[in-house]
Amino acid sequence: MVKLILAVLLLFWTAYPYDIDTLLEQALEEVEKESSGRYYNLALKLFNEGVYRLAVENGEKFLEKNSSDRKKIEDIFLLLTVSYYKMKKPKEIFDLYIRFLDIPVSEDTRKKAFVYTNNLLLREGQWKRLKIIRNKSKKLLERIKPFPNLEGRYRPFEPGVNIFRLREENLIGFNEIFISDRNLTLIEIAKRLDLGYDELKIANPHLDPFDILKGEAVFIPRKRLLPEQEFEIGTIYINLSEKRLYYPVSYEGDVYVITFPVGIGTDNSKSPVGEFRITQKKRNPEWVVPKSIREEDPSLPPVVPPGPDNPLGVRAMRLGHTEYLLHGTSKRFGIGMEVSHGCIRMYNRDVKRLFDVVEKGTKVIITDKRYKIFRNRRLYIEIFSLGKKDKKELLKLLEEKGVRTTPYLIDFYNKEKRGYATPLN
């Protein structure tokens, strides 16, 4: 239809060339009427505003008119899935999932769609439909086979969990689906899977973090970009916004990345940003309580000896000549959250493994990036939390990189594709 309109207008212009400006303006108006782009953008805008019914209507109109733009089709598939989940429409979300089984969308988007489809059908007691989608998604639910266990000093690390072979320039890991084997919370799941609470929460924005039922699915974000495009092997990188530590190492000619979730300082006691060196390493450290903390809690002694009540846990490494430590914890929870007085906190099992492979003098670079955007084989983005200033900055960066997008798409990604690396083109 669009081609026909343009052809007619071209013939008309040939006959009456003096009215070209008017004709071009009319042509653009007619093309816009036929274009699927406006339905795509309107669907995103309405979804971001929480008007799910109208978002669905415009999303479906886009799909009627566009069968070739795979990236946009994928966005609309996720938009429709989440909309039906929010509106509690089990039949519609089931039909959509089945309809898209033969449509090529990325594995990550299909996994997110499975999580919401599975969980709505489970909550609504749609057992037959639930059985169907699980049977049709067996391969999706299989864990990608990790590389074999490493030997020597890297033997204690778990492939595909806290050590990854570098996939591209600075991309690691594959996202997974976890099916809860009993009623759990995201805090319990995070600890079981060596993840942080916040990263699980932002990757599953519509799940109740304290009410995960037996049989419910959780999206597990393990596909990540290192905080720096050009990283140094043997340097520790910590990004405060994602509450995660990365340590790239060389092993038998390949690059591997050790990575762990961390707890960081609160708004009132922020963790430091900058470049440091590990100047001290201690096993079973005593805690010399800082004066400022004793003023907050006068009941604390000047020194807490090693043991189960010591908040430094089983290992501690000092950052430069500061009071800040990279250490374990005596707390059951708090990893992946803003909980400390500025120190970097880790699970005890993780800090022990890291302690054994890190030497004194190791460089530690701490950043606070709310998003990462790097060009590897494709242009990848990884979002944690975007404010208005961050969005403007991100849109400008994308424009400089030759990527055409809209604030609606960035808002959509900020809601539905946070916490893991996703391609933008």
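My aim in this report is to walk through the structure given alongside it, one point at a time.

### A word on the overall build of the protein chain
- Looking only at helices and strands, the protein chain has 15 helices and 20 strands in total.
- In terms of principal-axis extent, the alpha carbons of the protein chain reach across some 90 × 55 × 50 Å.
- Looking at the protein chain residue by residue over its 425 residues, the buried ones come to 52%.
- For the protein chain, contacts bridging at least 24 residues in sequence account for 67% of all contacts bridging at least 6.

### Quick notes on the sheet that holds strand S19 (residues 379-383)
- Spatial strand order, S18-S19-S20: three strands in an open sheet with antiparallel pairing. Edge positions in the sheet fall to strand S18 (371-375) and strand S20 (422-423), since each has one partner strand and no second.
- Alignment of S19 against S20, held across two bridges, turns out to be antiparallel. Within S20, the residue paired with Ile381 across the bridge is Thr422.
- Here helix H14 (residues 388-400) sits on the sheet and contacts S18 and S19; the angle it forms with S18, its principal contact strand, is near 5°.

### Digging into the sheet that holds strand S17 (residues 363-367)
- The strand order across the open sheet built from nine strands is S1-S8-S7-S6-S17-S10-S13-S14-S16, with neighbouring strands paired in mixed fashion. The open sheet has two free edges, formed respectively by strand S1 (163-165) and strand S16 (344-345), since each of these has just one partner strand.
- The sheet contact formed by strand S13 (residues 315-319) and strand S14 (residues 325-327) spans three bridges and is antiparallel. In the sheet register, Arg318 faces S14, and the bridge partner there is Leu325.
- Each of strand S7 (244-251), strand S8 (254-261), strand S10 (274-283), S13 and S14 is contacted by helix H13 (residues 348-357), which is oriented at about 60° to S13, the strand it contacts most.

### A closer look at the packing of aromatic side chains
- Across all of its chains, the model carries 14 aromatic pairs by this definition.
- Ring centres 5.5 Å apart and planes at 45° place the aromatic pair Tyr40 and Phe62 in the tilted group. Separated by 22 residues along the polypeptide, Tyr40 in helix H3 (residues 37-48) and Phe62 in helix H4 (residues 52-65) bring together distant segments of the chain. The residues Tyr40 and Phe62 share a single accessibility class, namely buried.
- An aromatic cluster is present here, built from Phe147, Tyr154, Phe157, Tyr251, Tyr256 and Phe260 joined pairwise through their rings.
- Just above the ring of Phe219 sits the side chain of Lys112; from NZ or CZ to the centre is 5.2 Å.
- The aromatic ring of Tyr347 is capped on one face by Arg349, whose charged end is 4.8 Å from the ring centroid.

### Some thoughts on the packing of H3 against helix H5 (residues 70-87)
- Interhelical geometry of H3 versus H5 gives an angle of 35° and a closest axis separation of 11 Å. Of the two possible hands of crossing, H3 and H5 adopt the one that is left-handed. For the pair H3 and H5, the contacting residues are Tyr40, Ala43, Leu44 and Phe47 in the first and Lys72, Asp75, Ile76, Leu79, Val82 and Ser83 in the second.
- Here the residues of the contact of H3 with H5 sort into seven nonpolar, one polar and two charged.

### Description of H4
- Taking 1.5 Å of rise per residue, the 14 residues of H4 would be expected to cover 20 Å, and the 20 Å separating its terminal C-alpha atoms lies within 8% of that figure.
- Of all the positions in H4, only Tyr52, Ala55, Val56, Asn58, Gly59, Phe62 and Leu63 are classed as buried.
- At its buried positions, H4 is contacted by H3, H5 and helix H6 (90-99).

### What about the pairing of S7?
- Within S7, seven of the eight residues are buried, which leaves it mostly tucked inside the rest of the structure.
- Pairing between strand S6 (residues 236-239) and S7: three bridges, direction antiparallel. Bridge pairing links Ile238 to Leu245 in S7.
- In sequence, S6 turns back onto S7 through a hairpin of four residues, with Lys243 there showing a positive phi of about 55°.
- For S7 and S8, the ladder comprises eight bridges, and the chain directions are antiparallel. Its bridge partner lying in S8, Tyr251 is registered against Asp254.

Cut-offs and rules
- Residues numbered from 1 in each chain as written.
- Predicted model: local features only at pLDDT ≥ 70, side-chain atom pairs only at ≥ 80, totals over all residues.
- Heavy atoms only, no water.
- Helix = DSSP H or I, 4+ residues; strand = E, 2+ residues; numbered from the N terminus.
- Buried < 20%, exposed > 50% of the residue type's maximum accessible area, 1.4 Å probe, protein only.
- Contact = heavy atoms within 4.5 Å.
- Pairing = 2+ DSSP bridges.
- Axes fitted to C-alpha atoms, helices over the stretch in contact; angles between N-to-C directions.
- Phe/Tyr/Trp six-rings, centres within 6.5 Å; stacked < 30°, edge-to-face > 60°.
- Lys NZ or Arg CZ within 6 Å of the ring centre and 35° of its normal.
- Left-handed = near helix turned anticlockwise from the far one by under 90°.
- Nonpolar A, V, L, I, M, F, W, Y, C, P; charged D, E, K, R; others polar.
- Expected span 1.5 Å × (residues − 1).

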